[in-house]
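For reference, the chains in residue letters:
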Amino acid sequence: MFGDSSLDLEITCFLILISFFVSVFLFYKSRKIFLSLFAFSLSSNISVYLTISTGTRMFILYDLLWLVDFTLEIWPLINLALLAVVVILHFKNKKMLKK
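Residues numbered from 1 in each chain as written. Predicted model: local features only at pLDDT ≥ 70, side-chain atom pairs only at ≥ 80, totals over all residues. Heavy atoms only, no water.

Student: Talk me through helix α2 (residues 33–53); I want residue IDs and the actual numbers.
Tutor: Because an α-helix packs 3.6 residues into every turn, residues spaced three or four apart end up facing the same way. Between its first and last C-alpha, α2 extends 30 Å over 21 residues, near the 30 Å set by a 1.5 Å rise per residue. Inspection of α2 places Ser-36, Phe-38, Ser-41, Ser-44, Asn-45, Ser-47, Val-48, Thr-51 and Ile-52 among the buried residues, and these make up the whole buried set. The inward-facing, buried residues of α2 contact α1 (5–30), α3 (58–61) and α4 (65–98). Positioned one or two residues after α2, Gly-55 has a phi angle of 80°, which is positive. (Helix = DSSP H or I, 4+ residues; strand = E, 2+ residues; numbered from the N terminus. Expected span 1.5 Å × (residues − 1). Buried < 20%, exposed > 50% of the residue type's maximum accessible area, 1.4 Å probe, protein only. Contact = heavy atoms within 4.5 Å.)

Below is the structure:
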């Protein structure tokens, strides 16, 4: 982000840590594990994606090029699957409440 790969790594880890705490808080309030997993996965994916999009050399210096491929190709599919599970469970619970 700012030219220093170690600073980029610290910022990315800090954002992922914030994502973790937000998802734990969400789980504590809602008791919905898939919703909190989706929130963590999506916000972490966005954090890493933003780091990639800034053109940082962090992934080259720390030999994390596999993470770039994972973030751009596989992680969005995982988020899509988690979103589908959250939506299905939401409508399933909504339908069960009507009975």
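Student: Quick one: what's the story with the packing of aromatic side chains, residue by residue and with numbers?
Tutor: Tallied over the entire structure, the rule returns three aromatic pairs. Ring geometry for Phe-70 versus Trp-75: centroids 5.8 Å apart, planes at 40°, classification tilted. Judged by relative accessible area, which is 27%, Phe-70 ranks as partly exposed. (Phe/Tyr/Trp six-rings, centres within 6.5 Å; stacked < 30°, edge-to-face > 60°.)

Student: Any chance you could break down unusual backbone geometry for me, citing the residues and the numbers?
Tutor: Residues other than glycine seldom take positive phi values, yet Arg-31 does so here, at roughly 60°. Positionally, Arg-31 belongs in the loop between α1 and α2. Here Arg-31 falls in the exposed class, since its relative accessible area comes to 56%. Although it is not a glycine, Asp-63 adopts a positive phi angle of roughly 55°. Among the residues examined, Asp-63 registers a relative accessible area of 60% and is labelled exposed.

Student: Outline the environment of Ser-5, listing residues and values.
Tutor: Relative to the helices and strands, Ser-5 resides in helix α1. Using a relative accessible area of 9% as the deciding quantity, one classes Ser-5 as buried. Spatially, the C-alpha atom of Ser-5 lies 8.6 Å from that of Tyr-62, the residues being 57 residues apart in sequence. Every residue in contact with Ser-5, bar those within four places of it in the chain, is listed here: Arg-57, Met-58, Leu-61 and Tyr-62.

Student: Describe in detail a nonpolar patch on the surface, supporting the description with residues and values.
Tutor: There is a patch of nonpolar side chains on the surface, built from Ile-33, Phe-34, Leu-37, Val-85 and Leu-89 and spanning about 370 Å² of accessible area. Of all the elements in the fold, those that place two or more residues in the nonpolar patch are α2 and α4. The dominant element in the nonpolar patch, judged by the number of residues it contributes, is α2, at three residues. Along the chain, the position of Ile-33 falls in helix α2. Accessibility expressed as a relative area gives 45% for Ile-33, which makes it partly exposed. (Patch = residues over 30% accessible without salt bridge, like charges linked within 9 Å, V, L, I, M, F, W, Y side chains within 5 Å. Areas by Shrake-Rupley, 256 points an atom, 1.4 Å probe, with all protein chains shown as cover. Salt bridge = Lys/Arg side-chain N within 4 Å of Asp/Glu carboxyl O.)

Such coordinate-based values are descriptive only and should not be taken to indicate function.
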